[in-house]
Amino acid sequence: MADFIPEEKISEIRNAADIVEIISEAVVLKKTGRNLVGLCPFHAEKTPSFSVNPEKQIFYCFGCATGGNVFSFLMKQQGMTFPEAVKAVAQRCGIELPSREMSPLERRRLSEREVLLGLNRKTMAFYSGVLKDPAAGRTARAYLEKRGFAPAIVDRFELGYAPEGWDALIRHFRADRERLQLMEKAGLVIPRKTGSGYYDRFRDRIIFPIRNAAHQVIAFGGRVLDDGLPKYLNSPETSIYTKRRSLYGIDQAREHCRKNETVLVVEGYFDLLALHQHGIQNAVATLGTALTPEHVRILRGCIGENGTVVLVYDSDAAGIQAAQRSIGVFDQGYADARICVLPPGHDPDSFLFEFGAAAFEQAAAKAQGIIPFLMAAAVARHGLSVDGKVQIVSELTDAIAALQDPMARSLYVKSLAERIQVDESAILERVRSRVGAKPAGGAHPRPRAPAGAGGSRPPLSAQQFDRFETRVVMMMLQYPQILPEIRQRRLLDLFENEALRSVGKMTLRWEGDPDGLNRAIDSTADADIQKLVASLVLEDTPWDHRGCLKLLDQFENSRKNKDHTILEKIKAAEKRGDHEQWLKLLQQKQAQIEKS
Ligand SMILES: [Zn+2]
């Protein structure tokens, strides 16, 4: 696919982009020395090990060994293909890509993802057109108006209306067989159970386009206008829509979450719309699924290391259930979570329209941490009779035991003991017996090591390489003044590790080209080498010329000595008449010569 966009164009786009700006949309970055650091969006972590180097335009995570340049980041984070990432960056920088009619071959090569995204975009345009249509959209518009939603909000979220009938969308696209199959892949149509053909998934419903952080429409939600069932209907999971990673409104929320260091999580489309209409924009909706570890990681990327996630629920019962389910999720994601329960009979939507934004913000500010919330709810429900206390302890044991941090566990045990006047050691004993047992729903044991970059292969880290060779390559990447010395002394010929030697060669090849490093990253298909380069660039080491020369001398001597030792051994074997050993050593020496 690289031939699709000319290489000069790729360089131009890369140079125009700012990796810090693009990564900042997903990760809160802080400056430390030459680099910026933040919480890695690719693995759960408590302290930041994800680094970005603005000078070299490269990122690397010391926790999970993911790294690369701006294109690698978008590919990994948004699941884009390389051409998609290039296009996305081009669009942001206002660079026009040469556009021409695609050949059939290119058309086939165009990824399914792009095709489905295009189809969704056109579908959204169709539905929003119907909503605006004076006749066809009248009932739906009246419904939204009755619920209090201003046209500006309807526009901001590009709501639509799927008309009645079974095939409005199919007829709109005048879909042929191939198109119908794609529509099925996008979850827009359903094959008929009897006979052949398809029918529209969404009929006579208000349509909510669901977008990812890159503002692409990845799925749809639909709500009936009356009391019909199901009240809500969502797209099924597709190759571009994964429920456990999707949050409604994330594309709008991001920058507001960053500013507030807080994100409000509500349950429904209309809750989210109501918040926006009342000027509260640091919010997302989960759309019926419980909050997943992926959601928490995405949210932490928006609010930063010390940010807060406020879960808003419409009843104690819903809040308690969600709190119990999400302890493990937040604990593993190292995020501070709070629970806000609205007065009986209210969801955020109805609450906001009745009491306004200030009252809502007050309620959210009073949100409690998960365990204190569960504690208060249990005390309110069971009272402080002996029976009540037994109930309370038994309800909270699992919740406290699910916490990974022993310190947090013991503090909560203490506070529970004080709150209900029960002997601390009695509670502690019960909690201990539960720790290590299967935790309450949703919690999974935390992996010992940071999860790898997704593959089964463990991430390649610089530690796995020859220490000397690693230092030399790191020096070459960070201190280019040394390159003539390396070239002149042919030091790369002494390398034994192929990956490091090839990184070294790339560095020499692109010497003096400020863009060289990034070209090297784009030109190698080997993800391990990309990561290696990124890790070596980002390791913060001060270099001085004398120190460098000394290191190079040491390296050269050690290799020459090694060489010398082999020669000695060959001579000795010859003397001993150990033919087998002599041949083996000779082959070793031969291999070394061939490599250089
Ligand atoms: Zn990481």
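Residues numbered from 1 in each chain as written. Predicted model: local features only at pLDDT ≥ 70, side-chain atom pairs only at ≥ 80, totals over all residues.

In terms of helices and strands, the protein chain carries 27 helices and 16 strands. Across its three principal directions, the C-alpha atoms of the protein chain cover 95 × 75 × 50 Å. By the burial criterion, 39% of the 596 residues in the protein chain qualify as buried. If you take every contact in the protein chain between residues at least 6 apart in sequence, the share linking residues at least 24 apart comes to 66%. (Helix = DSSP H or I, 4+ residues; strand = E, 2+ residues; numbered from the N terminus. Buried ≥ 20, exposed ≤ 12 C-beta atoms within 10 Å, placed from the backbone. Contact = placed C-beta atoms within 7 Å.)

Next up on the list: the sheet that holds strand S2 (residues 35-38). Strand order in the open sheet formed by five strands is S1-S2-S3-S4-S5, with antiparallel pairing between adjacent strands. Every interior strand has two partners, whereas the edge strands, strand S1 (30-32) and strand S5 (67-68), have only one. The pairing of S1 with S2 spans three bridges and is classified as antiparallel. Among the inter-strand pairings, Thr-32 is bridged to a residue of S2, identified as Asn-35. The strands touched by helix H25 (residues 527-538) within the sheet are S2, strand S3 (50-53), strand S4 (58-61) and S5, with S4 carrying the most contacts at an inclination of about 95 degrees. (Pairing = 2+ DSSP bridges. Axes fitted to C-alpha atoms, helices over the stretch in contact; angles between N-to-C directions.)

Think of interface size as the accessible area that goes away when the parts come together; that is how it is often given. For the protein chain, the assigned domains are domain 1 (2-104), domain 2 (111-241), domain 3 (246-434) and domain 4 (462-595). Relative to domain 4, the C-alpha centre of domain 1 lies at a distance of 29 Å. Of all the elements in the fold, those that place two or more residues in the side of domain 1 that touches domain 4 are helix H1 (7-16), S3, S4, S5 and helix H3 (70-78). If one sorts the elements of the side of domain 1 that touches domain 4 by residue count, H1 sits on top with four residues. Considered class by class, the residues forming the side of domain 1 that touches domain 4 number six nonpolar, twelve polar and three charged. (Domains from an automatic or database assignment. Nonpolar A, V, L, I, M, F, W, Y, C, P; charged D, E, K, R; others polar.)

On any regular strand, side chains alternate: one points to one face of the sheet, the next to the other face. In terms of burial, strand S14 (residues 308-313) is a largely internal element, five of the six residues being buried. Direction of pairing for strand S12 (residues 262-266) relative to S14: parallel, over a ladder of four bridges. Bridging across to S14, Leu-264 finds its partner in Val-310. With six bridges joining them, S14 and strand S15 (residues 336-341) adopt parallel strand pairing. Looking across to S15, one finds that Val-312 is bridged to Cys-340.

Before going further, it helps to examine the confidence of the model for the protein chain. Across the protein chain, the average pLDDT comes to 85, with 90% of residues at 70 or higher. Here helix H5 (residues 104-109) stands out as the element of the protein chain with the lowest mean pLDDT, 60, in contrast to strand S6 (residues 160-162), whose mean of 98 is the highest. In this model, residues 438-463 is a region of pLDDT below 50 whose contacts with residues beyond four sequence positions or in other chains number 48 contacts. (pLDDT = per-residue confidence, 0-100.)

Ranked by size, the top nonpolar core spans 93 residues in total, and within it Val-263, Val-265, Leu-311 and Leu-374 carry the most contacts. Examining the composition of this core, we find that seven residues originate from one element, helix H17 (residues 370-382), more than from any other. Each of domain 2 (111-241) and domain 3 (246-434) contributes no fewer than three residues to this core. When neighbours within four sequence positions are excluded, Leu-311 is seen to be in contact with Val-265, Ala-322, Ala-337, Ile-339 and Cys-340. The next biggest cluster of nonpolar side chains, apart from the first, holds 57 residues, and it includes Leu-36, Phe-50, Val-89 and Val-503. (Core = buried A, V, L, I, M, F, W, Y, C linked by C-beta atoms within 7 Å.)

Turning to the packing of H1 against helix H4 (residues 82-93), a few remarks are in order. Contact geometry for H1 and H4: axes closest at 9 Å, N-to-C directions at 55 degrees. What the angle tells us is that H1 and H4 run oblique. You can see that H1 and H4 cross each other, and the crossing is left-handed. Facing H1, whose interface residues are Ile-10, Ile-13 and Ala-16, H4 presents Val-86, Val-89, Ala-90 and Cys-93. For the contact of H1 with H4, the per-class residue count stands at seven nonpolar, no polar and no charged. (Parallel < 35°, antiparallel > 145°, perpendicular 65-115°, else oblique. Left-handed = near helix turned anticlockwise from the far one by under 90°.)

Bringing unusual backbone geometry into the picture now. The omega angle of the peptide bond from Leu-229 to Pro-230 is -10 degrees, so this bond is cis rather than trans. Along the chain, the position of Pro-230 falls in the loop between strand S10 (217-224) and strand S11 (232-234). Not every positive phi belongs to a glycine, and Glu-261 is a case in point at roughly 50 degrees. By the element assignment, Glu-261 lies in the loop between helix H11 (250-260) and S12. By C-beta crowding, Glu-261 is classed as partly exposed, having 15 other C-beta atoms within 10 Å. Phi at Arg-490 takes a positive value of approximately 50 degrees, unusual for a residue other than glycine. Counting through the fold element by element, Arg-490 comes out in the loop between helix H22 (483-488) and helix H23 (498-509). We classify Arg-490 as exposed; it has 10 C-beta atoms within 10 Å.

Looking now at the pairing of S15. Most of S15 sits out of view: five of its six residues are buried. Traced from S14 through helix H14 (residues 316-333) to S15, the parallel crossover comes out right-handed. Bridging between S15 and strand S16 (residues 368-369) involves two bridges; their strand directions are antiparallel. In the sheet register, Arg-338 faces S16, and the bridge partner there is Gly-369. (Right-handed = clockwise from strand over helix to strand, strands pointing away.)

We now examine helix H13 (residues 293-303). Extensive coverage of H13 is indicated by the burial of nine of its eleven residues. When H13 is considered as a whole, its buried residues turn out to be His-295, Val-296, Arg-297, Ile-298, Leu-299, Arg-300, Gly-301, Cys-302 and Ile-303. Looking at the buried residues of H13, the elements they touch are H11, S12, S14 and H14. Just downstream of H13, Gly-304 is the residue with a positive phi angle, here 85 degrees.

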